[in-house]
Amino acid sequence: MNRAVNLLQFDKAGLVEWLGLAGHKAFRARQLMHWVHQRGVADFEAMTDLARPLRAWLEQGACVQALPVLSEQRSRDGTVKWLFDVGAGNAVESVFIPEVSRNTLCVSSQAGCAMACSFCSTGAQGFARNLESSEILAQLWWAEFTMRRELGLPKGERAISNVVMMGMGEPLQNYGALIPALRVMLDDDAYGLSRRRVTVSTSGVVPMIDRLAADCPVALAVSLHAPNDALRDQLVPLNRKYPLAELLAACERYLAHAPRDFITFEYCMLDGVNDGPEQARQLIELMRGRFPWKCNLIPFNPFPGSGLRRSPPQRVAAFASMLIEAGIVATVRKTRGDDIDAACGQLAGEVLDRTTRRAGRVVAIAASDAAPAANQERSA
Ligand code: SAH
Ligand code: SF4
């Protein structure tokens, strides 16, 4: 096992501090970040503008360590999904989603998730552990430089234009690791993404929404999924702790700091559960006179044992029309990569041993036998 310090764990302030402890100058941090995050170089010997003694010192005590890739899957629509080993039988996934005007990477923040939302396969597997900043950034580092090579992009042109923290896990439950990772995404000496192009999606961890506003206000998406507390309590158990009134108040406070002048609400369309005209009316009523928001309707992506069904397209369309008629911007999310189980809420299905999933724990990787079952369920 490599005991060297993984440079992927540092934001710029952290790197300056770490270099400073050994007497190295602060500007070296910028140089190192360029090599690592802008050029994808992991070999210190190749970092030709670093002084030789510094290179030798890094060689001894540091590394740029990606995560082992357990699998790479490609969808017919160009979506790519990687399964990364994070040790102890746990794995996390990242999904690259190419579109005409942007390429988005969906990044995981935890192995599993403790929030237990009833419609989410990550929630169904339980919580294993928080990812470290280096493990969050390793997903971006790997995807960026793999796709750059693959797409044959000219030197310096980026493959990934947008990052969404919508993979496995609740990012605001892993706040300490999230913030340095976000800072590297935004840093002009690293990925240089604008705040509008980095989105944190949360099920509604109210106090952390306020902290994010103060520490690193990027675009915010909130997983709403229900227009009243009774239903949201069932779908998103965290609602029992932070009910709608508190959540919406936090969103309104966030807007004062946000890089966009609206909040996105995600709403997963579950057949016969939250997708009727009555719920659309309640949602319109709930939000009347509050603040600018957009509604992103996500057709539910089934997974084995969920007991839930995707809303039929007509019901989704009718729901969207009611919002639009009320003057709300509503979109229906296109399902991408569902032939490789890369769609929202399907992540991590393949790393579970079913017997222990029932016990609510993440367990050893058992990729081969889970996949056919997942496919059957979807086509059912
Ligand atoms: N934990 C965060 C981010 C990860 S989930 C959150 O909940 O916001 C990313 C999005 O996928 C969320 O909006 C989530 O509600 C949605 N999602 C989860 N399971 C889904 C499923 N089975 N089908 C469709 N969307 C799902
Ligand atoms: Fe966790 Fe988000 Fe899934 Fe809920 S929807 S269980 S918060 S990953």
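Above this text you will find the structure in question.
Criteria and thresholds
- Residues numbered from 1 in each chain as written.
- Chains lettered and ligands numbered in written order.
- Predicted model: local features only at pLDDT ≥ 70, side-chain atom pairs only at ≥ 80, totals over all residues.
- Heavy atoms only, no water.
- Buried < 20%, exposed > 50% of the residue type's maximum accessible area, 1.4 Å probe, protein only.
- Helix = DSSP H or I, 4+ residues; strand = E, 2+ residues; numbered from the N terminus.
- Pairing = 2+ DSSP bridges.
- Right-handed = clockwise from strand over helix to strand, strands pointing away.
- Near = heavy atom within 4 Å.
- Polar contact = N/O pair within 3.5 Å; in protein donor to acceptor, adjacent residues only side chain to side chain.
- Areas by Shrake-Rupley, 256 points an atom, 1.4 Å probe, with all protein chains shown as cover.
- Nonpolar A, V, L, I, M, F, W, Y, C, P; charged D, E, K, R; others polar.

On to the pairing of strand β13 (residues 293-299), then. For β13, a buried count of 6 out of 7 residues is recorded, marking the element as mostly surrounded by other parts of the structure. With 7 bridges connecting them, strand β12 (residues 263-269) and β13 associate as parallel partners. Bridged to Y267 within β13 is L297. Where the polypeptide runs from β12 across helix α10 (residues 277-287) and back to β13, its parallel neighbour, the crossover connection is right-handed. The pairing of β13 with strand β14 (residues 329-332) spans 4 bridges and is parallel.

This paragraph deals with the site of ligand 1. Taken together, 20 residues lie near ligand 1, and F119, G169, S201, S223 and H225 sit nearest. Between ligand 1 and S201 there is a distance of 2.6 Å, counted from an oxygen atom to a side-chain nitrogen or oxygen. Measuring from an oxygen atom of ligand 1, one finds a side-chain N or O atom of E266 at 3.0 Å. A total of 530 Å² of accessible area belongs to ligand 1 in isolation, and the protein chains cover 95% of it. When residues of the shell around ligand 1 are traced back to their parent elements, those giving at least two are β10 (198-202), β12 and β13. Its residues placed into classes, the shell around ligand 1 shows 9 nonpolar, 9 polar and 2 charged.

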